[in-house]
Amino acid sequence: MNVADSDDLRSLLIERGCSAASGPREADLLVVNTCSVREHAETRALARIRELSAIKKDTAFLWVTGCMAQRMGDKIIELIPAVDRVIGAKEIDNLETIVDSALQMHSLTVPGEQKYGVSDFVSIMRGCDNYCSYCIVPYVRGHEKSIPVDLLEKAVHRKISRGVKEITFLGQNVNSYNDNGTDFPDLLRRVHCIDGLERIRFTTSHPKDCSEKLISTMASLPKICRHVHLPVQAGSDRVLQMMNRRYTSDQYLQKIDMIRRYLPDADITTDIMVGFPSETEQEFRDTISLVSRACFTNAFMFAYSSREGTEAASMNDDIPRQEKLSRLNRLIELQTGITRKIYENNVGKQLELLITGRQEKRDQLWMGHDKGCKRVLLSCEKAEAGMILNVQAAKSSGMTLICERIP
Ligand code: SAH
Ligand code: SF4
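Residues numbered from 1 in each chain as written. Chains lettered and ligands numbered in written order. Predicted model: local features only at pLDDT ≥ 70, side-chain atom pairs only at ≥ 80, totals over all residues. Heavy atoms only, no water.

A. View of the overall build of the protein. A count of helices and strands for the protein gives 13 helices and 18 strands. The principal-axis extents of the C-alpha atoms in the protein amount to approximately 60 × 60 × 45 Å. When contacts within the protein are restricted to residue pairs at least 6 apart in sequence, those whose partners lie at least 24 apart make up 72%. Summing over all exposed atoms, the protein offers an accessible surface of approximately 19800 Å²; the carbon and sulfur share of this is 48%. Averaging the positions of the 55 positive and the 55 negative side-chain charges in the protein gives two centres separated by 3 Å. (Helix = DSSP H or I, 4+ residues; strand = E, 2+ residues; numbered from the N terminus. Contact = heavy atoms within 4.5 Å. Areas by Shrake-Rupley, 256 points an atom, 1.4 Å probe, with all protein chains shown as cover. Lys, Arg positive; Asp, Glu negative; His and termini not counted. Charge placed at Lys NZ, Arg CZ, Asp CG, Glu CD.)

Written as structure tokens, this is what we have:
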């Protein structure tokens, strides 16, 4: 989501005559777009802002945007006085006005050239109303709000006219999208008709709202990629309840079974957290057994960190850091083995590859992804970004399928 927001800001700046600097030392404006979902993200962002403030030109402007900007506000300027502006995530809809008034101070007139990739994002909603007990998102991004269908259709058309082939719809919980009765599966159907759009992806689905209507719609629409990102967070029902996730591990596994019934080849991925306050060794093992059972193609795995102002921040963060890291490593080891196996099982299979670009170092080596979420490399003389090709997986390097073109 932050990548998408950064892209939108970059487009705004380019449309107004800015062009990309060759590096931070040369830039007239530096923007650090921040995340605050984990403590680690904020620590890294602050370190980066300090580093940039030391190397930037004296005349250059330094802005901090996004969730950490929302959470800390002008405290960032107190900590790092070289920062000129702090623009919080809730101001994102006013970004155009903010940028216009800020840029009036400098007369930028030469229109820049915008380059687009073949795969791009469109945010379909903002904010979140779920209030999972550990999560800062509802506080820094505000209430859930769906963006009207006609604006989204326009955004998709605009991107396609610039060479985009694949769109990923973004929202903290796309399943609660609602624009005057148009729900998320309805939106998928509307966008599916757009000529020139080859593939549609989306993230994230909250398991409590991942409906049969959504999965059957996916199965009936060929442009929709066979990938569902379904964050489980934990395998213990007690922990899930404390997290306020509003499903049990059994209900979660039933959703997985439903997805596999409709879409047997789909990649299912997840987010998992370890070391939530009071999580016992046995409860961590419940997460381990759920992961063994669910067969995720991939997972984002994290150690819990307390976020000020959330419900869980008032719970005793009693799992020692070392124990959290040890649980995290055990989990990562298990999931890496499963990922490796899934990739190996795909060797010999035919896949539909979207080429997203050239692998930097090698002229004839192209990279992309299949219709699920698997990374693919293809050695091929005549190819270009944006092509969709039928390929065969020749071998697996663990996290990438090396493919050959089917003549
Ligand atoms: N809306 C998505 C999640 C967005 S945040 C959903 O509901 O699944 C992305 C991930 O960061 C979460 O899925 C969770 O695994 C992780 N995360 C959120 N808050 C966290 C915290 N306080 N500590 C550690 N990980 C956290
Ligand atoms: Fe955070 Fe839960 Fe909303 Fe996801 S659904 S953004 S985890 S509060």
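Now that the structure has been shown, the text picks up again.
B. Region of interest: the site of ligand 1. Of all residues adjacent to ligand 1, which total 15 residues, the nearest are Arg-38, Gln-172, Gln-233, Asp-271 and Ser-305. For ligand 1, whose unbound accessible area comes to 540 Å², protein coverage reaches 91%. When residues of the shell around ligand 1 are traced back to their parent elements, those giving at least two are strand S12 (267–274) and strand S13 (298–303). Residue composition of the shell around ligand 1, grouped by class: seven nonpolar, four polar and four charged. (Near = heavy atom within 4 Å. Nonpolar A, V, L, I, M, F, W, Y, C, P; charged D, E, K, R; others polar.)

C. Representation of helix H1 (residues 2–15) within the structure. Under the 1.5 Å per step criterion, the end-to-end length of H1 is 20 Å for 14 residues, consistent within 8% with the ideal 20 Å. Taken together, the buried positions of H1 are Ala-4, Asp-5, Leu-9, Ser-11, Leu-12, Leu-13 and Ile-14. At its buried positions, H1 is contacted by strand S1 (29–34), helix H5 (95–103), strand S4 (119–123), strand S5 (125–126), helix H6 (137–141) and strand S7 (166–170). (Expected span 1.5 Å × (residues − 1). Buried < 20%, exposed > 50% of the residue type's maximum accessible area, 1.4 Å probe, protein only.)

D. Summary view of the site of ligand 2. For ligand 2, the full set of nearby residues is Cys-128, Asn-130, Tyr-131, Cys-132, Tyr-134, Cys-135, Val-137, Pro-138, Gln-172, His-206 and Arg-245. Of the residues that constitute the shell around ligand 2, the class distribution is seven nonpolar, three polar and one charged.

E. Spatial organisation of the side chain of Asn-173. Counting through the fold element by element, Asn-173 comes out in the loop between S7 and strand S8 (178–179). At 2.8 Å, the side chain of Asn-173 and the side chain of Asp-209 are in polar contact. Setting aside residues up to four positions removed in sequence, Asn-173 forms contacts with Met-125, Asn-130, Thr-204, Ser-205, His-206, Lys-208 and Asp-209. (Polar contact = N/O pair within 3.5 Å; in protein donor to acceptor, adjacent residues only side chain to side chain.)

F. The arrangement of the sheet that holds strand S17 (residues 388–396) in detail. Spatial ordering of the closed barrel is given by S14-S15-S16-S18-S17, a layout of five strands whose pairing is mixed. Each strand axis lies, on average, 55° off the axis of its neighbour in the sheet, ignoring direction. (Pairing = 2+ DSSP bridges. Axes fitted to C-alpha atoms, helices over the stretch in contact; angles between N-to-C directions.)

G. A look at the packing of helix H8 (residues 184–192) against helix H9 (residues 212–220). Two elements in contact, H8 and H9, have axes separated by 9 Å at closest approach and are oriented at 15°. In terms of orientation, H8 lies roughly parallel with respect to H9. The two elements H8 and H9 cross, and the hand of that crossing is left-handed. Of H9, the residues touching H8 (which contributes Phe-184, Pro-185, Asp-186, Leu-188 and Arg-189) are Lys-213, Leu-214, Thr-217 and Ser-220. (Parallel < 35°, antiparallel > 145°, perpendicular 65-115°, else oblique. Left-handed = near helix turned anticlockwise from the far one by under 90°.)

H. Structural view of the side chain of Asp-267. Positionally, Asp-267 belongs in strand S12. Here the side chain of Asp-267 touches Cys-373 through a polar contact of 2.7 Å, landing on its backbone nitrogen. Not counting chain neighbours up to four residues away, the residues in contact with Asp-267 comprise Arg-226, His-227, Val-228, Thr-297, Asp-370, Gly-372, Cys-373 and Lys-374.

I. Representation of the layout of surface pockets within the structure. Looking at the second largest pocket, its volume works out to about 830 Å³. Lining the second largest pocket are 24 residues, and of these Asp-8, Glu-96, Arg-126, Ala-155 and Arg-158 lie nearest its centre. If you list the elements that add at least two residues to the lining of the second largest pocket, you get H1, H5, S4, strand S6 (145–146) and helix H7 (149–161). Looking at the lining of the second largest pocket, the element that brings in the most residues is H7, giving six residues. Along the lines of polarity and charge, the residues of the lining of the second largest pocket split into 11 nonpolar, three polar and 10 charged. Here the lining of the second largest pocket spans two domains, since at least three of its residues come from each of domain 1 (2–103) and domain 2 (116–225). (1 Å grid on protein atoms, 1.4 Å probe; cavity = no way out; pocket = protein on both sides within 12 Å on 5 of 7 lines; lining within 4 Å. Points joined across faces, edges and corners; volume = space filled by probe spheres on them. Domains from an automatic or database assignment.)

J. Geometry of the pairing of S12. With eight of its eight residues buried, S12 lies for the most part within the structure. Relative to S13, S12 runs parallel, the two sharing six bridges. By the bridge assignment, Asp-271 is partnered in S13 with Phe-300. The parallel pair S12 and S13 is bridged by helix H12 (residues 281–294), and the resulting crossover is right-handed. (Right-handed = clockwise from strand over helix to strand, strands pointing away.)

K. The pattern of salt bridges, seen in detail. One pass over the structure, following the stated rule, counts 30 salt bridges. Between Asp-93 and Arg-126 there is a salt bridge, and its shortest N-O distance comes to 3.5 Å. A residue pair is termed long-range when its members are at least 10 positions apart, and Asp-93 in the loop between strand S3 (85–88) and H5 and Arg-126 in strand S5 qualify at 33 residues. Classification of Arg-126 by relative accessible area gives buried; the value is 17%. (Salt bridge = Lys/Arg side-chain N within 4 Å of Asp/Glu carboxyl O.)

L. Spatial organisation of the environment of Met-301. Within the secondary structure layout, Met-301 lies in strand S13. Owing to a relative accessible area of 17%, Met-301 belongs among the buried residues under this scheme. In the structure, Met-301 is positioned 300 residues away from Met-1 in sequence and 18 Å away in space, judged by C-alpha atoms. The contact partners of Met-301, leaving out residues within four places of it in the chain, are Ile-272, Leu-328, Leu-331, Ile-332 and Gln-335.

M. The nonpolar core, seen in detail. Within the largest apolar cluster, 66 residues are counted, with the highest numbers of intra-cluster contacts made by Phe-169 and Phe-184. The residues that make up this core include at least three from each of domain 2 (116–225) and domain 3 (231–345). Setting aside its immediate chain neighbours within four residues, Phe-184 contacts Ile-124, Phe-169, Val-174, Asn-175, Tyr-177, Phe-202 and Leu-214. Counting 17 residues, the second-largest nonpolar core is a separate cluster that includes Leu-46, Leu-62, Ala-69 and Val-86. (Core = buried A, V, L, I, M, F, W, Y, C linked by side-chain atoms within 4.5 Å.)

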